[in-house]
Amino acid sequence: MTNIETITLEVADTAAAERFYADAFGLTTQLRFRVSDAPSDGFRGYTLSLTVPQPADVDSLIETALKAGATTIKPASKSMWGYGGTVRAPDGAIWKLATSAKKNTGPATRKIESVVLLLGAADVAASKKFYLGHGLTVGKSFGKMYVEFDAGESPVKLALYRRKALAKDAGVAPEGSGSHRIAVGGAPAAFTDPDGFAWETTASASLS
């Protein structure tokens, strides 16, 4: 069965990336890194989201991310769905920090409730069909706009969002070219999805 087991970010300096994610978000085991100088320009077609319990956690994580070297894309603010903002890591990856809560119930705990990989799809329906064919099951679906797959025991959720809508949500222009600079691990056999995102095998996936 296909399910996300690892996320590998392709970066210029793996040691620097490890330091940044540990200092910014406390992520030490959830990500992997490898060196790449593949050309990548503009929006890379995906975002990574950290969902947290309350606005104080969003603010805390954004604060430490900026201190560690991230840059602000969208300052944290309230919206109809909750509270959140986006930053760009030094390696170029876009991270959204978000909560569905609009009020704090206590001091920040920096607890991360989930990690979500959002892939920008040119055709959400076609990409959904593709992933169903690779053994994923749908958890939530909102027509041709958004699909979230059942994560099972995976540490990372996978969702599809229309590329232009995803870019708008992140606060960047949708145009981009070159490498996505990300690889997803957890497939029984390696494949590339309709939008060019590469899935790689892992030891446990190849045994499933």
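Owing to the predicted nature of the structure, the values given are computational and were not obtained by experimental measurement.

Peer 1: Please clarify how the overall build of the protein should be interpreted in this entry.
Peer 2: From N to C terminus, the protein includes five helices and 15 strands. Its C-alpha radius of gyration of 16 Å places the protein within 12% of the 17 Å reference for a compact globule of 208 residues. Contacts in the protein between residues far apart in sequence, at least 24 positions, make up 64% of those at least 6 positions apart. In the structure as shown, the protein presents an accessible area of about 10000 Å², 53% of it carried by carbon and sulfur atoms. Of note, the protein has its 23 positive side-chain charges centred 8 Å away from the centre of its 21 negative side-chain charges.

Peer 1: I would appreciate a short explanation of the sheet that holds strand β4 (residues 46–51) in the present structure.
Peer 2: Strand pairing in a sheet relies on backbone hydrogen bonds, with the paired strands running either antiparallel or parallel. On the basis of which strands lie adjacent, the open sheet formed by eight strands has the order β5-β6-β7-β4-β8-β11-β10-β9 and mixed pairing. The open sheet has two free edges, formed respectively by β5 (71–78) and β9 (138–142), since each of these has just one partner strand. Geometrically, the sheet is characterised by an average inter-axis angle of 15 degrees between neighbouring strands, direction not taken into account. Note: β5 against strand β6 (residues 83–88), five bridges, orientation antiparallel. Across the sheet, residue K74 finds its bridge partner in β6, namely T86. Helix-sheet contacts for helix α3 (residues 124–133) involve β8 (114–121), β9, β10 (146–149) and β11 (156–162), and the interaxial angle to β11 is about 150 degrees.

Peer 1: Explain the sheet that holds strand β15 (residues 198–200) to me, please; I cannot follow it from the model alone.
Peer 2: On the basis of which strands lie adjacent, the open sheet formed by five strands has the order β2-β1-β13-β15-β14 and mixed pairing. With one partner strand each, in any of the chains shown, β2 (31–35) and β14 (191–192) form the two edges of the open sheet. Two elements, strand β1 (residues 6–11) and strand β13 (residues 182–185), share four bridges in a ladder whose sense is antiparallel. If you follow T6 over to β13, its bridge partner there is G185.

Peer 1: Sorry, what's going on with the pattern of salt bridges here?
Peer 2: Any two side chains of opposite charge can pair, on the condition that their charged atoms come close. Scanning the entire structure with this criterion turns up four salt bridges. We note a salt bridge from K67 to E63, for which the minimum N-O separation is 3.3 Å. Placement of the pair is K67 and E63 together in helix α2 (residues 55–68), with a separation of four residues, close to one helical turn. We classify K67 as exposed; its relative accessible area is 67%. On the basis of relative accessible area, E63 is assigned to the partly exposed category, the value being 43%. Residues D169 and K96 are paired through a salt bridge, measuring 2.9 Å at the closest nitrogen-oxygen approach. With D169 in helix α4 (residues 163–170) and K96 in strand β7 (residues 94–99), this residue pair connects regions lying 73 residues apart in the sequence. The exposure class of D169 is partly exposed, given its relative accessible area of 22%. By relative accessible area, K96 is classed as buried at 13%. Members of the salt-bridge network, linked through shared partners, are E10, R34 and E200.

Peer 1: Any chance you could explain α3 here in plain terms?
Peer 2: Structurally, the α-helix is built with 3.6 residues per turn, so residues lying three or four positions apart point the same way. Looking at α3, one finds that the buried residues are V124, S127 and Y131. For α3, the buried positions fall inside an angular range of 65 degrees around the axis, keeping them on one side. Set apart from the buried face of α3 by more than 90 degrees, the exposed residues are K129 and G133. Check the buried side of α3 and you find it contacts β8, β10, β11, β14 and β15. Between the side-chain oxygen of the N-cap and the backbone nitrogen of A125 there are 3.2 Å, and the N-cap of α3 in question is D123. Just past α3, the residue G135 takes up positive phi, approximately 95 degrees.

Peer 1: Sorry if this is basic, but what is going on with the environment of A159 here?
Peer 2: In this structure, A159 sits in strand β11. Setting aside residues no more than four positions away along its own chain, A159 makes contact with V116, L117, L118, L119, Y146, V147 and E148.

Peer 1: Please clarify how the layout of surface pockets should be interpreted in this entry.
Peer 2: Empty space among the atoms can be located by rolling a probe the size of a water molecule over them. By volume, the largest pocket is sized at about 670 Å³. Along the wall of the largest pocket there are 22 residues; nearest its centre are T51, W81, K96, A98 and Y146. Of all the elements in the fold, those that place two or more residues in the lining of the largest pocket are β4, β7, β8, β9, β10 and β11. Residues of the lining of the largest pocket, tallied by class, amount to eleven nonpolar, five polar and six charged.

Cut-off values and rules
Residues numbered from 1 in each chain as written. Predicted model: local features only at pLDDT ≥ 70, side-chain atom pairs only at ≥ 80, totals over all residues. Heavy atoms only, no water. Helix = DSSP H or I, 4+ residues; strand = E, 2+ residues; numbered from the N terminus. Rg over C-alpha atoms; globule rule 2.2 N^0.38 Å. Contact = heavy atoms within 4.5 Å. Areas by Shrake-Rupley, 256 points an atom, 1.4 Å probe, with all protein chains shown as cover. Lys, Arg positive; Asp, Glu negative; His and termini not counted. Charge placed at Lys NZ, Arg CZ, Asp CG, Glu CD. Pairing = 2+ DSSP bridges. Axes fitted to C-alpha atoms, helices over the stretch in contact; angles between N-to-C directions. Salt bridge = Lys/Arg side-chain N within 4 Å of Asp/Glu carboxyl O. Buried < 20%, exposed > 50% of the residue type's maximum accessible area, 1.4 Å probe, protein only. Arc of directions from axis to C-beta. Polar contact = N/O pair within 3.5 Å; in protein donor to acceptor, adjacent residues only side chain to side chain. 1 Å grid on protein atoms, 1.4 Å probe; cavity = no way out; pocket = protein on both sides within 12 Å on 5 of 7 lines; lining within 4 Å. Points joined across faces, edges and corners; volume = space filled by probe spheres on them. Nonpolar A, V, L, I, M, F, W, Y, C, P; charged D, E, K, R; others polar.

Function cannot be read off these values alone, since they describe shape.
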